[in-house]
Amino acid sequence: MHKICIILAYFGPLPEWFNLWLLSCHYNPTISFLIVTDQSVTIPEGYDNVHVLPMTLSQMKDMADKKLEMNTALVYPYKCCDLRPAYGVIFEDFLKGYDFWGHCDCDLILGDLRKYFTEDRLRDYDRIFGQGHVSIYRNTMRCNHYYELSADYKKVFTTSSNFGFDENLSSISIGRVLCRNHIPVLYSRAFADIGTIHKRFLCTTDKNADRQIFYWDKGKVYRDYENQFFNIQERDEFAYIHFQKRKLKNCISTDKISDVTSFVVSYKGFFPIYDIGFDDLVNKYNPYPGRLYEDIEKLRWDMRHPRLRLLRKIYHKLKD
């Protein structure tokens, strides 16, 4: 089995749901997770695949400067995103023995990653997933230096602005660079990317239902939804759920986190799943407010973000 190490570089106060993120890592026992942080992190007993590397942002900058042989602009935490494609070089001393390395965010809950990081895919692709929130690269000298295929990488690394270099949307992003150079990359949309336009949880690209609920259960991320055409309840499984730019309330007890086996993920926060049915879960945690209400939400968002609206249209046009 290919060995994988996923790195989370996080500086500043940890989010309220961090213990649930750790739990979702624990349920991926064949994947190692390295947390690079300036915070005090207590790893629960038995989480043998999760490790902490104490480090300040300044110390990470010094290490990046030395490894990349340049004066990086890593002076604020979010700038780490632009350096992610170079983590294979920056953290090479901690990645020895691994076949793949990756990076991730913690504003997400992981599902069963090995279901998507299959041995066949790991053999055939140098990168799997094209988003910054979760992505892995083959751990070889050639692949670790893919960022150098970009004519702009020095500008990206040494300029304080954020370029989204770890994503695949902008023309200079690593995703576009790899595509232009015909690198074998699997751009799978096997994750639930929750949008910011609407209050309730809706996926940004997948088809949504009027009645749907997202939850984590025994290491897997699911969405149960009502198929209105056939009037039946159906289920999707995702590699992870990403709830970008949301501050969610954690209502899961931290006293016995190892006993937690399932919880709802919603705009209201994280809640234990009691013995209630689909209808009650949706009504309580992700209710449908009506088409008119959601049309008004979208109109307000478009008025506040006209440039993002244009970029979204361009993205979907290129995608189609």
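For the structure, check the block above.
A. Spotlight on the sheet that holds strand 1 (residues 4–10). The sheet built from 7 strands is open, its strands ordered 3-2-1-4-7-6-8 with mixed pairing. Both edges of this open sheet fall to strand 3 (50–54) and strand 8 (185–186), since each of them pairs with a single strand only. Here strand 2 (residues 31–37) runs beside strand 3; their pairing, made up of 5 bridges, is parallel. Note that in strand 3 the partner of Val36 across the bridge is Leu53.

B. Examining helix 10 (residues 291–304) more closely. Its 14 residues give helix 10 an end-to-end C-alpha distance of 20 Å, which sits within 8% of 20 Å, the value for a rise of 1.5 Å per residue. Listing the buried residues of helix 10 in full gives Glu294, Glu297, Trp301 and Asp302. One face of helix 10 carries all of its buried residues, which in axial projection span an arc of 130 degrees. Of the exposed residues in helix 10, those oriented more than 90 degrees away from the buried face are Leu292, Leu299, Arg300 and Met303.

C. Focus on the pairing of strand 7 (residues 134–138). Most of strand 7 is tucked away, with 5 of its 5 residues classed as buried. Pairing between strand 4 (residues 100–104) and strand 7: 5 bridges, direction antiparallel. Counterpart to Gly102 in the pairing with strand 7 is Ile136. Remark: 5 residues form the turn of the hairpin made by strand 6 (residues 127–128) and strand 7, two consecutive strands paired antiparallel; Phe129 in that turn has positive phi of roughly 75 degrees.

D. Representation of the side chain of Asp65 within the structure. Tracing the backbone shows Asp65 in helix 2 (residues 57–68). Every residue in contact with Asp65, bar those within four places of it in the chain, is listed here: Met70, Asn71 and Thr72.

E. Fine view of the sheet that holds strand 12 (residues 232–238). Read across the open sheet, the 5 strands follow the order 12-11-10-14-15; overall the sheet is antiparallel. What marks the edges here is a single partner per strand, and that holds for strand 12 and strand 15 (269–272). When the angles between neighbouring strand axes are averaged without regard to direction, this sheet yields 30 degrees. As paired elements, strand 10 (residues 212–217) and strand 11 (residues 220–227) share 6 bridges and run antiparallel to each other. Paired with Asp217 across the two strands is Lys220, which belongs to strand 11. Strands strand 10, strand 11, strand 12, strand 14 (262–266) and strand 15 of the sheet are contacted by helix 9 (residues 278–285), whose axis makes an angle of about 100 degrees with strand 10.

Calculation criteria
Residues numbered from 1 in each chain as written. Predicted model: local features only at pLDDT ≥ 70, side-chain atom pairs only at ≥ 80, totals over all residues. Heavy atoms only, no water. Pairing = 2+ DSSP bridges. Helix = DSSP H or I, 4+ residues; strand = E, 2+ residues; numbered from the N terminus. Expected span 1.5 Å × (residues − 1). Buried < 20%, exposed > 50% of the residue type's maximum accessible area, 1.4 Å probe, protein only. Arc of directions from axis to C-beta. Contact = heavy atoms within 4.5 Å. Axes fitted to C-alpha atoms, helices over the stretch in contact; angles between N-to-C directions.

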